[in-house]
Amino acid sequence: MIKKLMALLIALTTAFTLAACGNDNSQDGHGGSASKIAENEDFNQADVDFATEMIQHHAQALSMVDLIEGKQVSPELTALAEQIRMAQGPEIETLVDWLQDWSQPVPETMRDHANAHGDGDMEMDSDMPGMMSAEEMEALGAAQGPAFERMWLEMMIEHHEGAIEMAKAEKDDGEFADAVELADTIITAQDDEIGQMKTMLGS
Amino acid sequence: MNASRAISQPAASRRAFLLGGLATAGTMVLAGCSNDPSPAARPIGATPSLTPSAGQRVVSQSLVAKPTTLDLGGVTVDTWAYGDTAPGPLLRAKAGDMLRVTVDNQLPDDTTIHWHGIRLRNVADGVPGQTQDPIKPGTSYTYEFTAPDPGTYFFHPHVGVQLDRGLYAPLIIDDPSEPGRYDAEWVVVLDDWIDGTGTTPDEVFTKLTGGQGGGMDHGSMEGMDHGAMRGMARDGAQPFGDAGDVAYPHYVINGRAPADPDVLRAKPGQRVRMRVINAGSDTIFAVAMGGHQMTVTATDGWPVEPVTTDAFYIGMGERYDVEVTLDDGVFPLVATPVGKKGIARALVRTGPGRAPADDTTPRELSGQVLMGTDLRPAESSRLDPKDPDDQQMLHLSGQMQPYSWAVNGKPFGQNTPISLTRGSRVRLRMMNMTTMTHPMHLHGHTFALPNGLRKDTVLIAPMRSIDVDLDADNPGDWMAHCHNIYHAEAGMMIALNYVK
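For clarity, every value in this text was computed on a predicted model and none was experimentally measured. (Residues numbered from 1 in each chain as written. Chains lettered and ligands numbered in written order. Predicted model: local features only at pLDDT ≥ 70, side-chain atom pairs only at ≥ 80, totals over all residues. Heavy atoms only, no water.)

Peer 1: In this structure, what is going on with the overall build of chain B? I would like to understand it.
Peer 2: When helices and strands are counted, chain B shows three helices and 33 strands. Sorting the 500 residues of chain B into buried and exposed places 64% on the buried side. Summarising the internal contacts of chain B: among those between residues at least 6 apart in sequence, 78% fall at separations of at least 24. Taken as a whole, chain B presents about 16,700 Å² of accessible surface, with 49% of it coming from carbon and sulfur. (Helix = DSSP H or I, 4+ residues; strand = E, 2+ residues; numbered from the N terminus. Buried < 20%, exposed > 50% of the residue type's maximum accessible area, 1.4 Å probe, protein only. Contact = heavy atoms within 4.5 Å. Areas by Shrake-Rupley, 256 points an atom, 1.4 Å probe, with all protein chains shown as cover.)

Peer 1: Explanation requested: the overall build of chain A in the structure shown.
Peer 2: Secondary structure assignment for chain A yields six helices and zero strands. The order of α-helices and β-strands along chain A, N terminus first, is α-α-α-α-α-α. Looking at chain A as a whole, 54% of its 203 residues qualify as buried. For chain A, long-range pairs separated by at least 24 residues make up 74% of all intrachain contacts whose partners lie at least 6 apart in sequence. In the form shown here, chain A has an accessible surface area of approximately 8,800 Å², with 53% of it arising from carbon and sulfur atoms.

Peer 1: What's the story with the packing of helix α3 (residues 75-101) of chain A against helix α5 (residues 145-173) of chain A in this structure? I'm lost.
Peer 2: Residues and elements named next belong to chain A. Close contact between α3 and α5 brings their axes to 12 Å; oriented N to C, the two are set at 30 degrees. Comparing the axis directions of α3 and α5 gives the class roughly parallel. Here α3 runs over α5; the crossing is left-handed. Here α3 contributes L77, L80, A81, I84 and Q88 to the contact with α5, which in turn contributes F148, E149, W152, L153, M156 and H160. Here the residues of the contact of α3 with α5 sort into eight nonpolar, two polar and one charged. (Axes fitted to C-alpha atoms, helices over the stretch in contact; angles between N-to-C directions. Parallel < 35°, antiparallel > 145°, perpendicular 65-115°, else oblique. Left-handed = near helix turned anticlockwise from the far one by under 90°. Nonpolar A, V, L, I, M, F, W, Y, C, P; charged D, E, K, R; others polar.)

Peer 1: Which parts of the structure should I look at to understand the nonpolar core?
Peer 2: Residue and element names in this part refer to chain B. Counting 114 residues, the largest nonpolar core has W115, W186, M274 and Y486 as the members making the most contacts within it. Ranked by residues supplied to this core, first place goes to strand β10 (residues 184-193) with seven residues. Each residue touching W186, except ones within four places of it in the same chain, is listed here: N254, D262, L264, V272, R273, M274, R275, M289, L333, A346, L347 and V348. (Core = buried A, V, L, I, M, F, W, Y, C linked by side-chain atoms within 4.5 Å.)

Peer 1: Could you clarify how one ought to interpret the pattern of salt bridges in this entry?
Peer 2: A side chain with one charge may pair with a side chain of the opposite charge, provided their charged atoms come close. Residue and element names in this part refer to chain B. Here the structure, examined in full by the defined rule, presents 35 salt bridges over all chains. The salt bridge partner of D195 is R165, with a shortest N-O separation of 3.4 Å. Of the two residues, D195 is situated in the loop between β10 and α2 (201-208) and R165 in the loop between β8 (151-156) and β9 (169-174); the sequence distance between them amounts to 30 residues. Taken individually, D195 and R165 each receive the classification buried, so the pair is uniform in this respect. Within this structure, R92, D174, E178, E185, R273, R275 and D321 form a network of salt bridges that share partners. (Salt bridge = Lys/Arg side-chain N within 4 Å of Asp/Glu carboxyl O.)

Peer 1: Would you mind showing me how to read the pairing of strand β2 (residues 58-71) of chain B here?
Peer 2: Side chains on a regular strand alternate between the two faces of the sheet. All names here are of chain B. Of the strand pairs in this sheet, β2 and strand β5 (residues 98-105) are connected by eight bridges, and their pairing is parallel. Each bridged residue has a counterpart across the sheet, and for L63 the counterpart in β5 is V103. Inspection of the sheet shows β2 paired to strand β3 (residues 76-82) by seven bridges, in the antiparallel sense. Paired with L70 across the two strands is V77, which belongs to β3. (Pairing = 2+ DSSP bridges.)

Peer 1: How do you make sense of the packing of α3 of chain A against helix α6 (residues 177-200) of chain A when you look at a structure like this?
Peer 2: The relative placement of two packed helices comes down to the angle between their axes together with the axis-to-axis distance. Residue and element names in this part refer to chain A. Contact pair α3 / α6: the axes reach a minimum separation of 12 Å and the direction vectors enclose 165 degrees. Between α3 and α6, the crossing angle belongs to the class labelled roughly antiparallel. In the packing of α3 onto α6, the handedness of the crossing is left-handed. Contacts between α3 and α6 involve E76, L77, L80, Q83, I84, Q88, E91, L95 and W98 from the first element and D178, A179, L182, T185, I186, Q190, E193, Q196, M197 and M200 from the second. Looking at the contact of α3 with α6, its residues break down into ten nonpolar, five polar and four charged.

Peer 1: Looking at this model, I keep getting lost on the side chain of Q61 of chain B. Mind explaining?
Peer 2: Position of Q61 of chain B among the secondary structure elements: in strand β2. Apart from the residues within four sequence positions on either side, Q61 of chain B is in contact with P89, L90, L91, R100, V101 and T102 of chain B.

Peer 1: Got a minute to help me understand the packing of aromatic side chains in this structure?
Peer 2: Given two aromatic rings, one states the distance between the centres and the angle between the planes to describe the pair. Residues and elements named next belong to chain B. Per the counting criterion, the structure on display carries 15 aromatic pairs over all chains. For the ring pair W115 and Y143, a centre distance of 5.4 Å and an interplane angle of 75 degrees mean the geometry is edge-to-face. Here W115, found in strand β6 (residues 114-116), pairs with Y143, found in strand β7 (residues 140-146); they are 28 residues apart in sequence, far enough to count as distant. Each of the two residues, W115 as well as Y143, counts as buried. Consider the rings of F312 and Y320, whose centres lie 5.4 Å apart with planes at 50 degrees: the pair is tilted. In this pair, the class of F312 matches that of Y320, namely buried. Through pairs of rings, three or more aromatic residues link up here, namely Y82, W115, Y141, Y143, F145 and F155. (Phe/Tyr/Trp six-rings, centres within 6.5 Å; stacked < 30°, edge-to-face > 60°.)

Peer 1: Honestly, the environment of S281 of chain B in this entry has me stumped. Any pointers?
Peer 2: All names here are of chain B. Mapped onto the secondary structure, S281 falls in the loop between β14 (271-278) and β15 (285-289). Of the residues examined, S281 reaches a relative accessible area of 0% and is grouped as buried. In this view, S281 contacts L163, D164, D191, D192, Y248, M316, H483, N484, I485 and Y486; residues no more than four positions away in its chain are not counted. A polar side-chain atom of S281 sits 3.3 Å from a polar atom in the side chain of D164. (Polar contact = N/O pair within 3.5 Å; in protein donor to acceptor, adjacent residues only side chain to side chain.)

Peer 1: Help me out: how do you make sense of the sheet that holds strand β25 (residues 418-420) of chain B in this one?
Peer 2: Strand pairing in a sheet relies on backbone hydrogen bonds, with the paired strands running either antiparallel or parallel. All names here are of chain B. A sheet is described by the order of its strands in space; here five strands give the open sequence β25-β33-β32-β27-β30, paired in mixed fashion. A strand with exactly one partner marks an edge of an open sheet, and here the two such strands are β25 and β30 (457-460). Along the sheet, successive strands turn relative to each other by an average axial angle of 25 degrees, direction set aside. In this structure, strand β27 (residues 438-442) lies alongside strand β32 (residues 477-482), joined through three bridges in antiparallel fashion. Looking at β32, one finds that M440 is bridged to C482.

Peer 1: Hey, could you run me through the sheet that holds strand β4 (residues 91-94) of chain B in this one?
Peer 2: Residue and element names in this part refer to chain B. With respect to topology, four strands assemble into an open sheet ordered β4-β9-β8-β6, the strand pairing being mixed. The sheet terminates laterally at β4 and β6, the two strands that pair on one side only. Each adjacent strand pair in this sheet contributes to an overall mean axis angle of 25 degrees, direction not counted. Relative to β8, β6 runs antiparallel, the two being bridged by three bridges. Paired with W115 across the bridge in β8 is F155.

Peer 1: Got a minute to help me understand the confidence of the model for chain A in this structure?
Peer 2: Considering every residue of chain A, the mean pLDDT works out to 80; 75% of them sit at 70 or more. Note that residues 1-33 of chain A has pLDDT below 50 and, in this model, 63 contacts with residues that lie over four places away or in other chains. (pLDDT = per-residue confidence, 0-100.)

Peer 1: In this structure, what is going on with the environment of D110 of chain B? I would like to understand it.
Peer 2: All names here are of chain B. As for its position among the elements, D110 is in the loop between β5 and β6. For the pair D110 and K136, spaced 26 residues apart in the sequence, the C-alpha separation amounts to 4.7 Å. With sequence-adjacent residues up to four places away left out, D110 is seen in contact with N105, P134, I135, K136, P137, V159 and Q162. Side-chain polar atoms of D110 contact the side chain of K136, separated by 3.1 Å.

Below, the structure written as structure tokens:
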């Protein structure tokens, strides 16, 4: 009970922080930007939402990669995690570039706002497909050995499936050519990795 | 914990907050501020002595680390310093000299000295638990090392958050073959100051980490600096995102607050070499001299292709050498803390006249402000072209609630040291997917940025990665860490150990 209460308080306080963090642009973390997009721009709200949410989504994947540190895992998992990091880190940089080019706010992420180890999480993340809750991240962080590896793979598959869903939405609704192309790249790469992870789970 | 405290905490957390004036001293529990940054510290034993080689000059100096009272120029503080000044006494030698520095620790705490940027022998690096046992209160310790490379350096403790006291001093290694192109030299040490203003750096750290007994008293909200929370660069005006965690009551140049500043007296037309050192713990500065342009000639001891600019940024632990030809009159040298309120300044006087007001901000600060990473190396500073033999990741992460920072997913002591093989060219990928800028510093080596620029401390902006190459040519157990001392102490540090 006390733990639940604490989690709630942390969630509330995190929301409060985020509210306080926005400058004149209100920033609710849903990609809803106060900056109006002009008619003649080569990007639209779907592009902005895609970039904003994918930054947060990728950041959580990086935090899941971080959780491998200090665990006994297979070399395959280590290699896959590194592959995910080397794909998604640079993609975050690209997404940030776009938001800055578009004069849109760059979202906070769990890389430094909420806890990679589950003590806190951002409520704002919960409606993105495949985002893990604070409790799930905490459980993953606490797991050891084969159970950790299995849980990591299962969660990363779900996380990747969520990213693919978000990327498909961008393909349908986005306007900015590079973003639509990145969405394609994400769909292809993460679909491959899902196959790889399912194999590793030993089906 | 009650609801009001929980809710009020984060409001301060992502903003710089002013801790001065809080009467919480004495109730602090410093459990979070281990004096030894290495939880796995084992006794190291006696440090092997160093014998000067034939003909090698030995530069000897004694330092006393002690509690003292300093006048910062209208502000009196109780602090810890090397002697009775901050910065401490200038230490100066020629490239190739051996330095022999004895430290008498009269502090009530363990200490060490780290010779920031010097490519020295590992045992003299000053990292407790890694290269030496900490210097206990009431004992002395002698550092002996050769300083091979000319340049602008400084030294400071590598224990806890002692850097944020007055424990720092410039270290200049002269180039015996350098032509005397300057009429004057001015060593300019920048610092953010909070020690002795009603709190101490240890208390600041305890508050940041939400340590027992400290907490975030509601009173601290009053000092909140709204200007500090800019988020990421939304308008391109502020390249460093959320640049610091602490708003300081004072910013000083050469230990002087703006009201009673350090003054350089020179003649009009003289060429001055300024050696600018950021000894701050949590503050990136933008530096400019009113009425002048500056030519940057070196960073972290390495010559660059000279660039003339209105102003430049300098992160914690970075150094820049700049040349200025002085005009006739009285001019402010100003360092403004990025993302925070306040100003540090000194004066240049080449003629009669009234000093500008304390808070005058030179228009140069609104001009071109150079990013160090945009500099290009002088040819002499380049590494030999070579493909890396090995790649290693330094992935930075952290959080404010609770305050915690890490490299590769775990704080220092829990993360796995990086292995270096002697003789190899190693590429370090430093990935910063956080909303803060981190000045990453490497001990015992310098690295080359992708454009070849040599440095030992580099600012990595939010959501950016940088690949740096180094030659693993100095065996030992070394450190890489964020030079925000609060981040480092909270765990944003990793060991780089040579394979034995």
